[in-house]
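Geometric and topological summary
These are the residues of each chain, in order.
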2 protein chains.
Amino acid sequence: MKKDIAVGVDIGGTNTVFGAVDESGNCLAKSAIKTTDFPDVAQFIDCLSTEIKSLLESKGLTERLCGIGIGAPNGNFYKGTIEYAPNLAWKGVINFADLMKNHFDVPVLLTNDANAAALGEKIYGGAKEMNDFILITLGTGLGSGFYSNGNLVYGHDGFAGELGHTIVLQEGRKCNCGRKGCLETYVSATGITKTVNELIAHTKIPSTLRDCPTEELNSKKIYEAAQINDSLAIKAFDYTCRVLALKLSDAVAITSPEAIFLFGGLAQAKEFIFEPVKEYLEEYLLPIFRNKVKILPSQLPENNAAILGASALIRNIKG
Amino acid sequence: MKKDIAVGVDIGGTNTVFGAVDESGNCLAKSAIKTTDFPDVAQFIDCLSTEIKSLLESKGLTERLCGIGIGAPNGNFYKGTIEYAPNLAWKGVINFADLMKNHFDVPVLLTNDANAAALGEKIYGGAKEMNDFILITLGTGLGSGFYSNGNLVYGHDGFAGELGHTIVLQEGRKCNCGRKGCLETYVSATGITKTVNELIAHTKIPSTLRDCPTEELNSKKIYEAAQINDSLAIKAFDYTCRVLALKLSDAVAITSPEAIFLFGGLAQAKEFIFEPVKEYLEEYLLPIFRNKVKILPSQLPENNAAILGASALIRNIKG
């Protein structure tokens, strides 16, 4: 029997999704459990393992399993640990990969979710032929994975790729990391919502968003407003793109990538993100890097991207 | 005869130094020519080749030559070119490595000077056992070389590692690159001199440096003033370290290195650089990176560092 099925697991603050992926990146079966149902990590792992096994069994894929890849917040590739993840109930350092290995006889690898997304882009997506690229996930926060010389940059301790926590403004917006002015407080679904709230409070720009209760305001509503030409929403997108482009110009100066992939909820507001980021980036770049760096949408299908990314961890060791 | 001698060539705006280096990093012979004597690059290469050959001949090393490594401003590793170097008389794109190969029957490799310094640190210096580190050269400008996964980060086009051109302040100091606010306009021998001039103009802090004619002020004099407790000089060093630490905290967030090596003229003001940079860096770092990153002086001998770095290009392909 060919061992060609890698299971990808994406652990999120609310849900954990997992699926069986073949070598071409087809997700043959998938399922999910609620992360928040398990305050105890041992019980979570018991349930997750049982569910993965029955999913494989139900599709006759058990014998073809070659490994399990896991994407998790604050995941450490070298140690297979999840460390002090602020959005998970499991505190401290969790030896997650080791605990999973008690249930499976195949390699279990773990990394953080943005690194997993970058691996997915390399193995199954738009970066197959690229050795140097950056992938940015624009969700609740801003995650990033850097490829250099054909390898994912894990850094000395396994935690590299935190572009979301580079500093835009030293005394800027408060970040969940405890510091101020981090990129993700400006450029993320949460960040653009803050920007709109600030514009509502400090300008007189007319906007339909002024009628929206603060607690209901989100990036989706801002996108919808921008689509019907709402000046304030458009200004908020413009500001978001400018800040992102500025910090991307720093990232290009350091790593000189062939392309930067933008991925995640906020990147779905395509017409208000890709062109402006590209334009501002060209303006900010050091001359030798101009007209060289592509700004691209992820080529992974949005609905299975996290599973594909996590499963790519296993393809990477096989290559 | 063992082929164990690599020639290292360091092309500077004023002088070009070159030497024969053995496998342990001993410089067995060296010499120099004046770069500025040769407005024509063909004549420069003729002269350089002749001088290298006679240097090797005079020490009986000709038969032991295994390759020539060259460090040059705006040097491109992939193409072996020097491209639009602002401080050299040779304009446009120069196929430097190819032109040298007409004179020698061994590999000729070229990269930029800061990358060469990082290679030198890896092959002969303090980074022998490190796979992830950053080397910063603090001279007239600020150069940098990044190691990741045991390899130098060249990027897609061969020009990666331009930390000196990441942005500190969008409408900040004018940079030679045509933009504003680049790190090297604050953190370099030139940068600290500008800082002192600004402090003289805009503060009343007493200083012996106020008696120094503007055109004679330089980083060496600022260092000497700091050593005798000059408040303004000390303030200038403090500001320089703070700005450097801020941008290093960004670089750590992206690449998570084991160590950052500081090298070059300004780094010789050790007591005013290493401790403060370390302190500010710890303050600025994302919590997961705190107490992990070493700030170290280069372990290469200052007088031969550039030659060793360039020669390391050849050791790197052999390894």
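Read on for an overview of the structure. In this numbering scheme, every chain counts its residues from 1 along its sequence in written order. Key to labels: chains lettered from A, ligands numbered from 1, both in the order written. Note on the predicted model: pLDDT of at least 70 is required for a residue's local features to be given, and 80 or more for side-chain atom pairs to be given and counted; whole-chain, interface and lining totals, by contrast, use all residues. Note that water and hydrogens are dropped before the side-chain values are worked out from all heavy atoms of the structure.

**Remarks on the overall build of chain A**
- The helix and strand inventory of chain A stands at eight helices and 13 strands.
- For chain A, the C-alpha radius of gyration of 20 Å lies close to 20 Å, the compact-globule estimate for 319 residues.
- For the C-alpha atoms alone, the extent of chain A along its principal axes is close to 65 × 45 × 35 Å.
- Any two residues whose heavy atoms approach within 4.5 Å at even a single point are treated as in contact. Pairs at least 24 apart in sequence give 62% of the contacts found in chain A among residues at least 6 apart.
- When the accessible surface of chain A is summed, it comes to about 12,900 Å², and 50% of that surface belongs to carbon and sulfur atoms. Helix and strand labels come from DSSP, where a helix needs a run of H or I of at least four residues and a strand needs a run of E of at least two; each type is numbered from the N terminus. Each radius of gyration is computed over the set of C-alpha atoms, and the globule rule expresses the reference value as 2.2 Å times the number of residues to the power 0.38. Here the Shrake-Rupley method, with its probe set to 1.4 Å, supplies the accessible areas, and only the displayed protein chains count as covering residues.

**Side note on the interface of chain B and chain A**
- Taken together, the contact pairs 41 residues of chain B with 41 residues of chain A.
- For the chain B and chain A pair, buried surface summed over both sides reaches about 3,400 Å², with 58% attributable to carbon and sulfur atoms.
- Salt bridges are defined by distance alone: a side-chain nitrogen of Lys or Arg within 4 Å of a carboxyl oxygen of Asp or Glu. Counting across the interface, chain B meets chain A through four salt bridges.
- A 3.5 Å cut-off defines polar contacts: any pair of N or O atoms within that distance qualifies, except that in protein one atom must be a possible hydrogen donor and the other a possible acceptor, and neighbouring residues in sequence count only when both atoms are side-chain atoms. Where chain B meets chain A, there are 22 residue pairs in polar contact (both at pLDDT 80 or more). Reported buried area values correspond to the accessible surface (1.4 Å probe) lost by two parts on association, with both partners' losses combined.

**Considering the relation of the copies chain B and chain A**
- Relative to chain A, chain B is turned by 180° and slid 0.0 Å along the rotation axis, the superposed coordinates differing by an RMSD of 0.0 Å. Within this description, the copies of the chain are treated as partners about a two-fold rotation axis. For chain B, the smallest separation between a C-alpha atom and the rotation axis is recorded for B:Ser148, amounting to 3.8 Å. The atoms used to superpose the copies are C-alpha atoms, taken from residues with pLDDT of at least 70 in both, and the fit is least squares.

**Concerning helix α5 (residues 219-227) of chain A**
Residues and elements named next belong to chain A.
- Three labels apply to residues, based on accessible area from a 1.4 Å probe with only protein chains included: buried if under 20% of the type maximum, exposed if over 50%, partly exposed otherwise in between. Buried within α5 are the following residues: Ser219, Ile222, Tyr223, Ala225 and Ala226. Projection of α5 onto a plane perpendicular to its axis shows the buried side chains occupying an angular sector of 160°, all on one side.
- The secondary structure elements touched by the buried residues of α5 are α4 (189-202) and α6 (231-255).
- Between the side-chain oxygen of the N-cap and the backbone nitrogen of Lys220 there are 3.1 Å, and the N-cap of α5 in question is Asn218.
- At the C-terminal side of α5, Asn229 shows a positive phi close to 65°. Arc definition: directions from the helix axis to the C-beta atoms.

**A word on the pairing of strand β2 (residues 15-21) of chain B**
Residues and elements named next belong to chain B.
- Taken across its seven residues, β2 has five buried, putting it largely inside the fold.
- At least two DSSP bridges between two strands are needed for those strands to be called paired. Direction of pairing for strand β1 (residues 5-11) relative to β2: antiparallel, over a ladder of six bridges. Along β2, the bridge assignment pairs Gly8 with Gly19.
- Hairpin connection between β1 and β2: a loop of three residues separates the two successive antiparallel strands.
- As judged from the seven bridges shared by β2 and strand β3 (residues 27-34), these two strands associate in the antiparallel manner. Of the residues in β3, the one forming a bridge with Thr16 is Ile33.
- Where β2 hands over to β3, the hairpin turn is made up of five residues, of which Gly25 adopts a positive phi near 90°.

**Observations regarding the sheet that holds strand β8 (residues 108-112) of chain A**
Residue and element names in this part refer to chain A.
- Read from one edge of the open sheet, five strands run β3-β2-β1-β4-β8, paired in mixed fashion. Two strands in the sheet have a free side with no partner beyond their single neighbour: β3 (27-34) and β8. With strand direction ignored, the average angle separating the axes of adjacent strands in the sheet is 15°.
- In this sheet, strand β4 (residues 65-72) lies alongside strand β1 (residues 5-11) in parallel orientation, the contact comprising six bridges. Within β4, the position partnered with Ala6 by the bridge is Gly67.
- Note on method: axes are straight lines fitted to C-alpha atoms, helices fitted across the in-contact stretch only, with angles between N-to-C directions ranging 0 to 180 degrees. Packed onto the sheet, helix α3 (residues 113-123) meets β1, β4 and β8 and runs at close to 110° relative to β8.

**Focus: the pairing of strand β12 (residues 259-263) of chain B**
Residues and elements named next belong to chain B.
- Counting buried positions along β12 yields five of five residues, so the element is predominantly enclosed.
- What you see with β12 is no split at all: Ala259, Phe261 and Phe263 on one side and Ile260 and Leu262 on the other are buried throughout.
- For strand β9 (residues 133-138) and β12, the ladder comprises five bridges, and the chain directions are parallel. For Thr137, the partnering residue across the bridge sits in β12 and is Phe263.
- Think of it like this: strands point away, you trace from the first strand over the helix to the second, and a clockwise trace means the crossover is right-handed. Once the chain exits β12 it traverses helix α7 (residues 274-284) before rejoining the sheet at strand β13 (residues 294-297), and the crossover so formed is right-handed.

**Comments concerning the sheet that holds β12(B)**
Residue and element names in this part refer to chain B.
- The five strands are arranged β11-β10-β9-β12-β13 in an open sheet whose pairing can be described as mixed. Both outer strands of the open sheet, β11 (151-152) and β13, are each paired with one neighbouring strand and no more.
- On top of the sheet, α7 reaches β12 and β13; it is set at about 165° to β13, its chief contact.

**Examining unusual backbone geometry**
- A positive phi angle, near 45°, is found at A:Ser256, a position not held by glycine.
- Within the secondary structure, A:Ser256 sits in the loop between α6 and β12 (259-263).
- Here A:Ser256 falls in the buried class, since its relative accessible area comes to 2%.
- The phi angle at B:Tyr84 is positive, at roughly 50°, despite the residue not being glycine.
- For B:Tyr84, a relative accessible area of 56% gives the class exposed.

**Quick word on the side chain of A:Asp22**
- One can find A:Asp22 in the loop between β2 (15-21) and β3.
- Here the positive residues are Lys and Arg and the negative ones are Asp and Glu; neither His nor the chain ends is included. With no salt bridge to any partner, buried A:Asp22 finds its closest opposite charge in A:Arg315, at an N-O distance of 5.8 Å.

**A closer look at the pattern of salt bridges**
All names here are of chain A.
- Under the defined criterion, the tally for this structure stands at 28 salt bridges over all chains.
- Linking Arg173 and Glu198 is a salt bridge whose minimum nitrogen-to-oxygen distance equals 3.2 Å. With Arg173 in the loop between β11 (151-152) and α4 and Glu198 in helix α4, this residue pair connects regions lying 25 residues apart in the sequence.
- Since its relative accessible area comes to 38%, Glu198 is described here as partly exposed.
- Note that Lys247 is salt-bridged to Asp250, the shortest N-O span being 3.7 Å.

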